[in-house]
Amino acid sequence: MTIKIFVPIDAAALSVGAERVAQAIGHESRRRKLDVTVIRNGSRGLFWLEPLVEVEKDGVRLAYGPVGTQDVPGLFDAGFLTGGAHPLALGPTEEIDYLKRQERLTFARCGIIDPLSLDDYRAHGGWAGLQKALALAPADIVEHMVQSGLRGRGGAGFPTGIKWRTVANAPSDQKYVVCNADEGDSGTFADRMLMEGDPFSLIEGMAIAALAVEASQGYVYIRSEYPHAFRTFAQAIEIATKAGIIGDRIMGKAHAFHLEARLGAGAYICGEETSLLESLEGKRGLIRFKPPLPAIEGLFGKPTIVNNLVSLATVPVIFEKGWEHYRDFGMGRSRGTLPIQLAGNIRQGGLIERAFGITLRELIEDYGQGTATGRPFRAVQVGGPLGAYFPESLLDTPLDYEAFAAVKGMVGHGGVVVFDDTADLAEQARFAMEFCAIESCGKCTPCRIGSTRGVEVITRIINDEERAKNLVLLDDLCQLMLDGSLCALGGLTPYPVLSALQHFPEDFDRPAASAARAAE
Ligand SMILES: Cc1cc2nc3c(=O)[nH]c(=O)nc-3n(C[C@H](O)[C@H](O)[C@H](O)COP(=O)(O)O)c2cc1C
Ligand code: SF4
């Protein structure tokens, strides 16, 4: 009987040599005349262990990692195909603490299945949600989503069911479902992992969305920096269309849903929903005034659902297991689970899906095991480049939309980027303004001009030129950007700046910092 070996085809695993490892395993098994099938799965999200190789023995997957090509002959010599002892052996994958303590709903299949195998997808609960949705009236599908409590995972945390209801109620001969897979936030990779590791879950979620609002066309806008994800997802569309799951009919039902993958234009602002729609229409990524909301006048002026990829890929499990099941996870008004992406200066970076309510401390200290450099922790930025910097004293903040808002932070897309004590928060504040200046679409003055002035003011503070006066000016400028920007790029850039000022004021006082260092 053939022995199954799993080697991830995920871009993170490929970047540390997974392709060569897969080839070496194939070569070694042929040389030893062993009956081995190498399956290319997605990543389990334990990045410090990649390439993570798994061997299936008696229906249980045994993990070995990180595996280099030089380790492959030794693994065969040690009998790893039958669970032989080896220094890289990690035991059953599901028993690895990092994975065992997760609550995987959206990522339940990621890293387990062959991403492009319809049989594998079906065998792991795939299409069960769509089957259930097909038996419901559109209004009931929307109601199911409202009851689930799912809030958009792209950044703003808007209730998904309410958005769908608005699109459903908008009269039109044509409606669209658009998936935002631009994933521009620093330290985030959940969208990419799903596209590469479980692409049918997104297709299933989008088909359910199409049924809910009676849309016949969908687009997935994928950032250009994700060539692997784009390729895998485009293939998944082709396979699902050929199998009759989507296309002229959704699983045989008289409802057409055609899906296309589109490559993004390489700008952070193209992740903002109205800019994304402009870009999809073939124009420059420029913010549109709201109202009208995209739900009323979206793509080509038609009612459009724009949802983040994680939001849409979570839809199938909500239908498969029921909205009550999903809603039972979480705290307060933050229901369900969040796929958290732990990155930056961290020993054990990766994907952690947990119910809302987990604290930053648990993430960084228990899962992450502290900084990669071994130096003391200094700061963490949550929610991408526009998120606030938190100090140690805020590490007990639970991951929850309201709890984060109360400390002037945001959960965003669930990106958590860790910094050690060598980080200079004044430099980080300047970087936030620089980022905004570079990425600004230029449509409104507070952001276009304000960010450039912001870089100048912070530079003067760092150079200790009229520091007190420039600190007042910076605060004033941040207030103006907060209140006067047309979209959240300019409107949220003050978050990292003001949080750095509030929690790390010593970094803005260069003479005092130098004196303190000299005295050490
Ligand atoms: C500057 C900027 C960049 C954004 N980038 C993304 C992105 O990369 N991916 C994403 O899903 N949402 C992004 N958003 C949020 C989208 O505008 C929108 O709220 C989201 O796609 C809606 O989906 P959701 O309700 O499922 O979260 C961005 C917003 C702003 C202001
Ligand atoms: S805030 Fe910046 S990105 Fe947003 S509309 Fe204004 S100029 Fe464009």
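What you are looking at is a predicted structure, and each value in this text was computed from that prediction instead of being measured.

What follows covers unusual backbone geometry. The step from Glu-50 to Pro-51 runs through a cis peptide bond, and the omega angle for that step is -5°. Each neighbour pair has its own omega, and for Pro-291 with Pro-292 the value is 5°, a cis peptide bond. If you trace the backbone, Pro-292 turns up in the loop between helix H12 (273-280) and strand S9 (304-308). One non-glycine residue, Lys-33, lies in positive phi territory at about 55°. Take Lys-33: it is sitting in the loop between helix H2 (18-31) and strand S2 (36-39). Non-glycine residue Phe-300 carries a positive phi angle of around 50°. Within the secondary structure, Phe-300 is located in the loop between H12 and S9. The class for Phe-300 is partly exposed, based on a relative accessible area of 46%.

The subject of this paragraph is the environment of Arg-460. Structurally, Arg-460 can be placed in helix H19 (residues 450-462). It is 45 Å that separates the C-alpha atoms of Arg-460 and Ile-296, two residues lying 164 residues apart in sequence. Setting aside anything within four residues of it in sequence, one finds Arg-460 in contact with Glu-465, Asn-470 and Leu-473.

What follows concerns the site of ligand 2. In the region of ligand 2, 13 residues are neighbours, and Cys-441, Lys-443, Cys-444, Cys-447 and Cys-487 sit closest. Class assignment of the residues belonging to the shell around ligand 2 gives a composition of eight nonpolar, four polar and one charged.

With that settled, consider the site of ligand 1. Lining the immediate surroundings of ligand 1 are 20 residues, of which Gly-154, Glu-273, Asn-307, Asn-308 and Ser-311 lie closest. Separating an oxygen atom of ligand 1 from a backbone N or O atom of Glu-183 is a distance of 3.1 Å. Expressed as a share of its isolated accessible area of 620 Å², the protein-covered part of ligand 1 is 91%. Elements that contribute at least two residues to the shell around ligand 1 include exactly S9 and helix H21 (488-492). Here the shell around ligand 1 gets three residues from one element, more than from any other, and that element is S9. Class assignment of the residues belonging to the shell around ligand 1 gives a composition of five nonpolar, nine polar and six charged.

What counts and what doesn't
- Here, residues in each chain are numbered from 1, in the same order as that chain's written sequence.
- Whichever chain is written first is A, and whichever ligand is written first is 1; the rest continue in order.
- With the structure being a predicted model, the display of local features is reserved for residues of pLDDT at least 70 and the display and counting of side-chain atom pairs for 80 or more, all residues being used for whole-chain, interface and lining totals.
- Side-chain figures throughout are based on the complete set of non-hydrogen atoms in the structure, without hydrogens or water.
- Secondary structure elements follow DSSP: runs of H or I of four or more residues count as helices, runs of E of two or more count as strands, with numbering from the N terminus.
- Three exposure classes are used, based on accessible area relative to the maximum for each residue type with a 1.4 Å probe and protein chains only: buried under 20%, partly exposed in between, and exposed over 50%.
- Contact between two residues is taken to exist if any of their heavy atoms lie within 4.5 Å; hydrogens are not considered.
- Think of it this way: one heavy atom of a residue within 4 Å of a molecule or strand is enough to make that residue near it.
- Asp, Glu, Lys and Arg are counted as charged, while Ala, Val, Leu, Ile, Met, Phe, Trp, Tyr, Cys and Pro are counted as nonpolar; the rest, among them Gly, fall into the polar class.
- Residues adjacent in sequence count toward polar contacts only when both atoms are side-chain atoms; beyond that, a polar contact is any pair of N or O atoms within 3.5 Å, and within protein one must be able to donate a hydrogen and the other to accept it.
- For the accessible areas, the method is Shrake-Rupley and the probe is 1.4 Å, while residue cover comes only from the protein chains on display.

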